[in-house]
Structures are given as structure tokens and as C-alpha cells.
Amino acid sequence: TTLFLEFGPSLPLSLMSQYCPVRGLKDISLNRPITQEEFGRAYDHARELGFEHIYVQVPEKNPHGSQVDNDPFLPDFRIENPFSPERVLPPR
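Since the model is a prediction, treat every value here as computed from it, not as a measurement.

### Some words on the pattern of salt bridges
Okay, step 1: In total, this model carries two salt bridges according to the counting rule given.
Okay, step 2: One salt bridge in this structure joins R32 and E38, with 2.5 Å as the shortest N-O distance.
Okay, step 3: In this structure R32 comes out as partly exposed when scored by relative accessible area, which is 35%.
Okay, step 4: For E38, a relative accessible area of 23% puts it in the partly exposed group.
Okay, step 5: Among the ionic pairs, R41 bridges to E37, the shortest N-O distance being 3.4 Å. Within this pair, R41 and its partner E37 are both found in helix α2 (residues 36–49), separated by four residues, close to a single helical turn.
Okay, step 6: For E37, a relative accessible area of 58% corresponds to the exposed category.

Here is the structure:
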């Protein structure tokens, strides 16, 4: 709401869904990826406010494993070097 009031409807807004929790958060309700329903509520709210330029990254369904396990571009903080080239680049 504050962004809309401060900058108006022409402010480009980016709604991204790649939230990937780091294990061990004190608030256990945050130890999960965002749901499609939560993303939908945020998107609907931005539209209701009147934003004209909304860029979206819709969350994907991921029934197997964690986001980290299945996405080579997300760091895996369970390993010693989560940003190693082997983690983020496909093998040659």
C-alpha cells in the first residue's frame, strides 16, 4: 500500500515466488516455500490497489523434495560451500 501511495499506479512491481527458506528458522511457519494460494492473494492485492505494471514469477508445484534439491541455481546451505561452481553450473 505504501509503495502505491508514494509512487502511484505506474510503479513497476515485481512479484517473485522463489522464497527458499533456510532450515532452522525459529518461526517454523516460515520453513516452507510460498504456496500458490499465498502468491495469488499477493497478486490480487496488487491488482486491487491499481498497479498497472506487475511482473510475476508464478510459483511452481514441487511435489518431490525441496526447492533446493531440485534447483541448481539456489544455494544449498546444507553443504560446506553452497555457492560452489559445481552447484550452480551444469557439468561439461
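### Considering the packing of aromatic side chains
Okay, step 1: Throughout the structure, instances matching the rule amount to one aromatic pair.
Okay, step 2: Ring centres of F4 and F51 lie 5.3 Å apart, and the angle between their planes is 75 degrees; this geometry places the pair in the edge-to-face category. Remark: F51 occurs in the loop between α2 and β2 (54–56) and F4 occurs in helix α1 (residues 2–7); sequence separation between them is 47 residues.

### Quick look at α2
Okay, step 1: With 14 residues, α2 extends 20 Å between its outermost C-alpha atoms, agreeing within 8% with the 20 Å of an ideal straight helix rising 1.5 Å per residue.
Okay, step 2: A positive backbone phi angle near 110 degrees is found at G50, which sits one or two residues after α2.

The rules we used
Residues numbered from 1 in each chain as written. Predicted model: local features only at pLDDT ≥ 70, side-chain atom pairs only at ≥ 80, totals over all residues. Heavy atoms only, no water. Salt bridge = Lys/Arg side-chain N within 4 Å of Asp/Glu carboxyl O. Buried < 20%, exposed > 50% of the residue type's maximum accessible area, 1.4 Å probe, protein only. Helix = DSSP H or I, 4+ residues; strand = E, 2+ residues; numbered from the N terminus. Phe/Tyr/Trp six-rings, centres within 6.5 Å; stacked < 30°, edge-to-face > 60°. Expected span 1.5 Å × (residues − 1).

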